[in-house]
2 protein chains.
Amino acid sequence: MKIVSWNINSVRFRLEIVERFLREAAPDILCLQETKVIDQDFPQEAFRRLGYKTIILHGQKMHHGVAILSRVPLAEDDRFDWQANREARHVGVKLANGVRLENVYVPAGGDVPDREVNAKFGQKLDFVERMTAWSASLDCPTILVGDFNIAPLESDVWNHKQLLNVVSHTPIEVDALNRLKDSNSWVDLGRHFYPAPARLHTWWSYRSPDWTVNDRGRRLDHMWATADVAAAATSHTVFEACRNWLKPSDHVPIMTEFDL
Amino acid sequence: MKIVSWNINSVRFRLEIVERFLREAAPDILCLQETKVIDQDFPQEAFRRLGYKTIILHGQKMHHGVAILSRVPLAEDDRFDWQANREARHVGVKLANGVRLENVYVPAGGDVPDREVNAKFGQKLDFVERMTAWSASLDCPTILVGDFNIAPLESDVWNHKQLLNVVSHTPIEVDALNRLKDSNSWVDLGRHFYPAPARLHTWWSYRSPDWTVNDRGRRLDHMWATADVAAAATSHTVFEACRNWLKPSDHVPIMTEFDL
DNA sequence: GGGAGCAGCG
DNA sequence: CGCTGCTCCC
């Protein structure tokens, strides 16, 4: 069972590279974030043609939006709105084997890492805190994936010291993410297979065109699993090459294979 | 000597099809309208690579904009602003043999064919009137090309009766264009080679996707020459096929070959 | 229908 | 940098 998470930064604008990725990596399930499309305009046909006939959507106009596409059966889909602000940032399903798969797009948090002067930073911290309460209450083997917009470890960013005050790597965000992680038996699958201090990045800003030269990446995308499910994980792949495809997302897909 | 006129509807967005056209039709001179780019952003390099090393520009931000690209020498370029409103609608040059080439983009004229309720319609009529005064004063063998935004003859439109009150084919516009034509020894080269009532169209609206089925075209683009130059014209071609190319302009290129 | 610029967001 | 959706224009 191969499960992928990818912040696609508009699924309509990026349709060709998603199709290419599905043909090449052939995951069973694809979790997307930042689809940026309302459900009725989601390009379902393209995915159906490639065998992904189960399509679970939680989209909205313009921003955010998540989706789960699958070629295996899914059930019990739900959509949480932890902040009750109608932002489409979560969609979850249950796999046939009873494992739940939760797909989340954590708020980016704005530019200034201070909740007094930047409401978006506060919203991000609140979001993770509410996720933490939810996580603590889970009673089911679970895989949690998505764009968490936080790079917790020193080796998750291209330069730890230079990013200590940059949103995504500030101690306050890292602490919040660690509390989320400690709220259940979560295993960070990326670091399970590539322990720190190995370099592990999933995002490179559009703003440095020579991203491959400077390699100023961050690990913003994550796949976690409760210990029971994590024990079945057999490999993890970060598809860095996708950052160089035509019209790329600034995020690359990450995939975990499970012996489920 | 092969001279082409083409309303390209953004030369930057349409660069690939212009390059393809130049490779296939290989004109000596290409007159463009609606380049939609300021001179400093004009994609000169692409044209230089194809041998069009003489590039005469009259562009502006956002709208309008004309250009003459040539692989033969040009001189004495000028830019008229008949309405003194800073709209970039004309650029002219002199060929080595002394013939002048004038490239014009006549205002479209808005939707309502009434100068009292639609100032743009008045602007269009005024523009043609001022061109007429200019035309009457010419003392040089001249080729006049461009998007005139008027289809004068019944066979210049897909349905004469249905367009009698549609801007581009109203009697008041046709009268104005006929006065322009009569102000000098102009020969309408399109009709010289394909006399009415032959169907002759150069524009098909984007709004009817099945343009090729309904064929609701109009002849808005023209090449005229004073009688002395017209006598040297040997053929005229309307490149209808370009309307089916990828990311097409709504206008197609027209070409006259001269034995000059 | 489909260009261009712009604001908003990341 | 670059995506969406808006307005303007043809």
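It should be emphasised that the depicted structure is a prediction, and the values quoted were computed from it without experimental measurement. (Residues numbered from 1 in each chain as written. Chains lettered and ligands numbered in written order. Predicted model: local features only at pLDDT ≥ 70, side-chain atom pairs only at ≥ 80, totals over all residues. Heavy atoms only, no water.)

## Some points on the UniProt feature "site: Interaction with DNA substrate" (unreviewed entry) in chain A
Residue and element names in this part refer to chain A. So the rule is basically this: UniProt positions are given in the numbering used here, feature names are shortened, and annotations may be inferred rather than shown by experiment. Note on conventions: DSSP H or I runs of at least 4 residues are helices, E runs of at least 2 residues are strands, and numbering of each starts at the N terminus. Burial here depends on accessible area, computed with a 1.4 Å probe over protein chains only, as a share of the maximum for the residue type. Under 20% is buried, over 50% is exposed, and the range in between is partly exposed. Should any heavy atoms of two residues lie within 4.5 Å, those residues are considered in contact.
With numbering aligned to this structure, UniProt lists the feature "site: Interaction with DNA substrate" (unreviewed entry) at His251. Examined against the element boundaries, His251 turns out to sit in the loop between strand 13 (233-238) and strand 14 (254-258). The buried category is assigned to His251, whose relative accessible area is 4%. Discounting residues that sit within four places of it in the chain, His251 has contacts with Trp6, Asn7, Asp147, Thr202, Trp203, Leu220 and Asp221.

## Topic: the pattern of salt bridges
Residues and elements named next belong to chain A. Let me state the cut-off plainly: Salt bridge criterion: a side-chain nitrogen from Lys or Arg within 4 Å of a carboxyl oxygen from Asp or Glu.
Counted under the stated rule, the structure contains 32 salt bridges over all chains. The salt bridge partner of Glu240 is Arg199, with a shortest N-O separation of 2.8 Å. Taken together, the positions of Glu240 in the loop between strand 13 and strand 14 and Arg199 in the loop between helix 6 (189-193) and strand 10 (203-204) put the pair 41 residues apart, joining distant regions of the chain. Among the residues examined, Glu240 registers a relative accessible area of 28% and is labelled partly exposed. A cluster of three or more residues bridged by salt bridges with shared partners is formed by Asp156, Asp188, Arg191 and Arg219.

## Quick look at helix 5 (residues 171-182) of chain B
All names here are of chain B. This is how it is decided: Expected helix span is given by 1.5 Å per residue-to-residue step, counting one fewer step than there are residues. Working definition: the arc comes from the directions between the helix axis and the C-beta atoms, pointing outward to the latter.
The end-to-end C-alpha separation of helix 5 is 16 Å, in line with the 16 Å expected for 12 residues at 1.5 Å each. Taken as a whole, helix 5 has its buried residues at Glu173, Val174, Ala176, Leu177 and Leu180. One face of helix 5 carries all of its buried residues, which in axial projection span an arc of 160°. Residues of helix 5 that are exposed and angled more than 90 degrees away from the buried face: Arg179 and Asp182. Contacts from the buried residues of helix 5 go to helix 3 (119-136), strand 9 (186-188) and strand 12 (221-226).

## What about the protein's contact with DNA strand C?
Which entries qualify depends on this criterion: Proximity criterion: a residue is near a molecule or strand once any of its heavy atoms comes within 4 Å of it. Polar contact is defined as a pair of N or O atoms within 3.5 Å, subject to the rule that within protein one atom must be able to donate a hydrogen and the other to accept it, and that residues adjacent in sequence are counted only when both atoms are side-chain atoms. By the convention adopted, Pro, Cys, Tyr, Trp, Phe, Met, Ile, Leu, Val and Ala count as nonpolar, Lys, Arg, Asp and Glu as charged, and the other residues, Gly among them, as polar.
Around DNA strand C sit 13 residues, and of these Arg207 of chain A together with Ser10, Phe13, Tyr206 and Arg207 of chain B come closest. For DNA strand C, the backbone makes up 69% of the atoms found within 4 Å of the protein, where backbone means sugar plus phosphate. Contacts to DNA strand C include Arg207 of chain A, whose side-chain N or O atom sits 3.1 Å from a base nitrogen. Taking Arg14 of chain B, its side chain carries an N or O atom lying 3.4 Å from a phosphate oxygen of DNA strand C. Of the residues belonging to the surface near DNA strand C, the class tally is four nonpolar, two polar and seven charged.

## So, the packing of aromatic side chains
All names here are of chain A. Note the cut-off: Here a Phe, Tyr or Trp ring, Trp counted by its six-membered ring, pairs with any other such ring whose centre lies within 6.5 Å, and the pair is stacked when the planes are under 30 degrees apart, edge-to-face when over 60, and tilted otherwise.
On inspection of all chains with the given rule, the structure shows 20 aromatic pairs over all chains. Judged by centre distance (5.5 Å) and plane angle (55°), the ring pair of Phe80 and Trp82 falls under tilted. Exposure remark for Phe80: the relative accessible area of 24% places this residue in the partly exposed category. According to the relative accessible area criterion, Trp82 is buried, its value standing at 14%. An aromatic cluster is defined as three or more aromatic residues linked by ring pairs; in this entry it consists of Phe80, Trp82, Phe127 and Trp134.

## Quick notes on the environment of Arg86 of chain B
Residues and elements named next belong to chain B. As for its placement among the helices and strands, Arg86 is situated in the loop between strand 5 (74-78) and strand 6 (90-95). Overall, the relative accessible area of 74% leaves Arg86 in the exposed class. Placed 26 residues apart in sequence, Arg86 and Gln60 show a C-alpha to C-alpha distance of 8.7 Å. The residues contacting Arg86, other than those within four sequence positions of it, are Gln60 and Asp81.

## Points about the state of the cysteines
All names here are of chain A. Here is the rule: Here, two cysteine sulfur atoms that lie within 2.5 Å of each other are counted as a disulfide.
A full pass over the atoms with the stated rule returns zero disulfides over all chains. Looking at Cys140, it has no disulfide partner, and the nearest cysteine sulfur is the one in Cys31, 15 Å off. Cys31 supplies the cysteine sulfur nearest to Cys242, a cysteine that is in no disulfide, at a spacing of 16 Å. By relative accessible area, Cys242 is classed as buried at 3%.

## So, the side chain of Asn103 of chain B
Residue and element names in this part refer to chain B. Turning to its location among the elements, Asn103 is positioned in strand 7 (residues 100-105). Here Leu32 takes part through its backbone oxygen, which lies 3.1 Å from a polar atom of the side chain of Asn103. Beyond its immediate sequence surroundings of up to four residues, Asn103 is in contact with Cys31, Leu32, Gln33, Val66, Ala67, Ile68, Arg89, His90, Val91, Val145 and Gly146.

## What to know about the protein's contact with DNA strand D
Surrounding DNA strand D, one finds 17 residues, the nearest of these being Ser10, Phe13, Arg14 and Tyr206 of chain A together with Arg207 of chain B. In the interface set of DNA strand D, defined as its atoms within 4 Å of the protein, sugar plus phosphate atoms amount to 88%. In the model, a phosphate oxygen of DNA strand D is placed 3.3 Å from a nitrogen or oxygen of the Lys61 of chain A side chain. Met62 of chain A is positioned such that a nitrogen or oxygen atom in its backbone is 3.4 Å from a phosphate oxygen of DNA strand D. A breakdown of the residues in the surface near DNA strand D according to their chemical character gives five nonpolar, four polar and eight charged.

## Thoughts on empty space enclosed by the protein
Residue and element names in this part refer to chain B. Quick note on the threshold: In the cavity and pocket records, a cavity denotes points on a 1 Å grid over the protein atoms alone where a 1.4 Å probe fits but cannot get out, a pocket denotes an open set with protein on both sides within 12 Å along at least 5 of 7 lines, and lining residues are residues with an atom within 4 Å of a point. Grid points are joined across faces, edges and corners, and a volume is the space filled by probe spheres set on the points.
Considering all chains together, one arrives at one cavity of 30 Å³ or more under this definition. Reported here for the largest cavity is a volume of approximately 40 Å³. Surrounding the largest cavity, Asp188, Gly190, Leu200, Thr202, Arg219, Asp221, His222, Met223, His236, Val238 and Ile254 form its lining. For the lining of the largest cavity, the secondary-structure elements that each account for two or more residues are strand 12 and strand 13 (233-238). By residue number, the principal contributor to the lining of the largest cavity is strand 12, which donates three residues. Taken together, the residues that form the lining of the largest cavity break down as four nonpolar, four polar and three charged.

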